[in-house]
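# Summary of the model geometry
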Amino acid sequence: DCWVALNGKVYDLTEFMDRHPGGPTTILSWAGKDASKMFNDIHKGIKIDQYLRPEASLGDLGVDESLMSDSFWHTLRKARIQEVKEELHRLRQAVTMDGDAHPASGKVGRRQSTSISKLLQEKNLDPDLRASLQSLETQKRVALDVEDFARAQEIKIRADALLAEAQVSMVSKQDRSGGIPLSEVAHHNKPHDCWVALYGQVYDLTDFLLHHPEQRNAVLAWAGRDASPMWNKIPGRFPSSTWMDYFMRPEARMGEVGKEPQADPREEEIQQLQDELRRLEGPSEDDIQAAKVGATRAVSAVAEASKLSEEARFPRLQQIIAGKKQQFFTRAEVAKQKGPPGGPPGTEPYIILHNRVYDLTPLLQNHPGGDGVLLSRAGTDATKDFELFEHSEKSRVKRDQEMLVGEIVPGERVDWTAEVTTGGVESTMKKANSEVARYLRYKATDALVAMVALYVHWSFQKRKPLSKLTYSRGLRHLHLIMAVGIFGALGSAHAASRAEGPAKKRYLSIHKQTGVAMLLALAVRVYLRMRSGIPPRFPGHPAMKFIETQSLRLFYVLLLALPVSGMANEYFLKWAPGEERTGNKKDDERNAALAKQALAVHTRVGKFFEFVWLPFHLG
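Quick caveat: nothing in here was measured; it's all calculated off a predicted structure. (Residues numbered from 1 in each chain as written. Predicted model: local features only at pLDDT ≥ 70, side-chain atom pairs only at ≥ 80, totals over all residues. Heavy atoms only, no water.)

### So, the sheet that holds strand 13 (residues 404-408)
Ordered in space as 10-13-12-11, the four strands form an open sheet in which the pairing is mixed. Taken across any chain shown, the strands that pair with only one partner, and hence form the sheet edges, are strand 10 (327-329) and strand 11 (350-353). Ignoring which end each strand starts from, the neighbouring axes of this sheet average 40° apart. Where strand 12 (residues 356-359) lies against strand 13, three bridges are found, and the strand directions are antiparallel. Each bridged residue has a counterpart across the sheet, and for R356 the counterpart in strand 13 is E407. (Pairing = 2+ DSSP bridges. Helix = DSSP H or I, 4+ residues; strand = E, 2+ residues; numbered from the N terminus. Axes fitted to C-alpha atoms, helices over the stretch in contact; angles between N-to-C directions.)

Right, dumping it as structure tokens:
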């Protein structure tokens, strides 16, 4: 039950966790929180809705000020809990009386539920059965976390056998002689239990996912759903005719899609009330205690595992490396291997992970995080960045099989076990240093603000009437500010092109701020220039005067075009109405194309301003 807020929207990412390329841990660390900043730093410009199911979007994020007080909310909650319990009692009595009056219906003496998770929430479930099912569900969750889908499937079979022995049936397990309804297909939407409907046929793709984990994300996006609307949209990928001809096996077909069974309205109402009661009451004390114990064990296990080397944590890696003769590299040699991809031999992009050297070429175009992340780390030791995200044992094994080219010479290797052991002390020292640096930055900012305020006060005290302003005296302060802004914008752009990660984002932010400041300064400059006294022209040749005049006019055009094109790129990238508002998918494509065009204009005008106009005008 994982909700996350992203850019003013609330999403239910419970289903998406199993197919998130970065693993479920990253999402779980932001469960119940606003993860907009983290998401935008990593996935800037990406529309998350195109990766989620429609039901995952829950609505807009509310404002805290509009919420009622906690005490009033709890009063209403307790009153509603009592109402729901009374209504449930009345409905259950009515269903029981109907069952006694119609014993042939087959519902007497046999418990029914739509899923194991909902069955565990029932208060009158046998304690021994509850404990066994809870244990199996926990084991299945652990197997899914480590991507052991075969083990998860075995546990599911054991749970089904246990339910059959206890005379508990899942409502979704219906007679398939009339076909399989989509309501039943919807229950099979996990990696260890994956059904998909395609043009009136239902397929079980669980075994396919076990043998083809690289296609897991494409298939799981439609698990438990009808994938017909995506048919042949991406040739060669699921779902398409080429994919069906190459991968689909006859035994995967389960049957045709059938009509939805006629449900008892009272059973549906009971189910809705049970769901509402569960949300209002929250988890039981037993569930809370079990979750605390599980969390403690998980944290201790991760802490212990993080102290081990990669080979100790993932034994299969030793089997791949054993017996191979590896070439030795120095870190200086690897630093020269930065690409570009497809270049001449000897320039392939290399990367260092756990004192081993890898060629990134096989991974390009296939990395879930994009090629930019890989190429930005080419030639460097990216072990810390690599371990920051969840990489499964399978991905590490495939990495060593396809990408390993050598090792770092023994004299330059890093003991990552010791790095982790001393990491706590280092992080504490870094945190203390960062606190001191933050304090000094705040004080420097205060001093700068005070100096600007004194300067403005001094200029205001010695001001003259606006009509007496002259080009050389009254506007020289504004000219100084504009010059600082121009070189600040150019310098921050060059710094951003040479930086990476957070530093690059910081320089780009400075670049944007100086651009907006330049636009405001330009407006003030034009206003004061039109209101001030114009001095006589400088003595010189008429041609020189003409060139100087036209150069100034071009200066104003360039200064106007630069911030406007930058703001246009930002508008089309983030704020322009897209598919979310208009419902038209072409709007997103149009916005992306216009943002790209605006950025191209901004870049070309900036280069012309820097390399043509600025040297000419200053000369």
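### Brief notes about the confidence of the model for the protein chain
Put simply, the protein chain has an average pLDDT of 77, and 79% of its residues get 70 or more. Confidence over residues 171-175 falls short of pLDDT 50; this stretch has 12 contacts with residues more than four positions distant or in other chains. (pLDDT = per-residue confidence, 0-100. Contact = heavy atoms within 4.5 Å.)

### Regarding the pairing of strand 2 (residues 9-12)
Relative to strand 2, strand 1 (residues 3-6) runs antiparallel, the two being bridged by four bridges. Along strand 2, the bridge assignment pairs V4 with Y11. With antiparallel pairing between neighbouring strands as the criterion, strand 1 and strand 2 make up a hairpin whose turn holds two residues, including N7 at a positive phi of roughly 50°. The pairing of strand 2 with strand 3 (residues 57-60) spans three bridges and is antiparallel. Bridge assignment links Y11 to a residue of strand 3, and that residue is S57.

### What about the pattern of salt bridges?
Overall, the coordinates contain 13 salt bridges when judged by the stated rule. R80 serves as the salt-bridge partner of E83, at 3.1 Å between the closest nitrogen and oxygen. Residue E83 and its partner R80 are both found in helix 3 (residues 70-101); the two are separated by three residues, about one turn of the helix. Classification of R80 by relative accessible area gives partly exposed; the value is 30%. Ionic pairing is found between E87 and R90, a salt bridge with its closest N-O pair at 2.4 Å. With E87 and R90 both in helix 3, this residue pair falls three residues apart, about one helical turn. Residue E87 is classed as partly exposed on the basis of its relative accessible area of 25%. Among the ionic contacts, a cluster of salt bridges with common partners joins R80, E83 and E276. (Salt bridge = Lys/Arg side-chain N within 4 Å of Asp/Glu carboxyl O. Buried < 20%, exposed > 50% of the residue type's maximum accessible area, 1.4 Å probe, protein only.)

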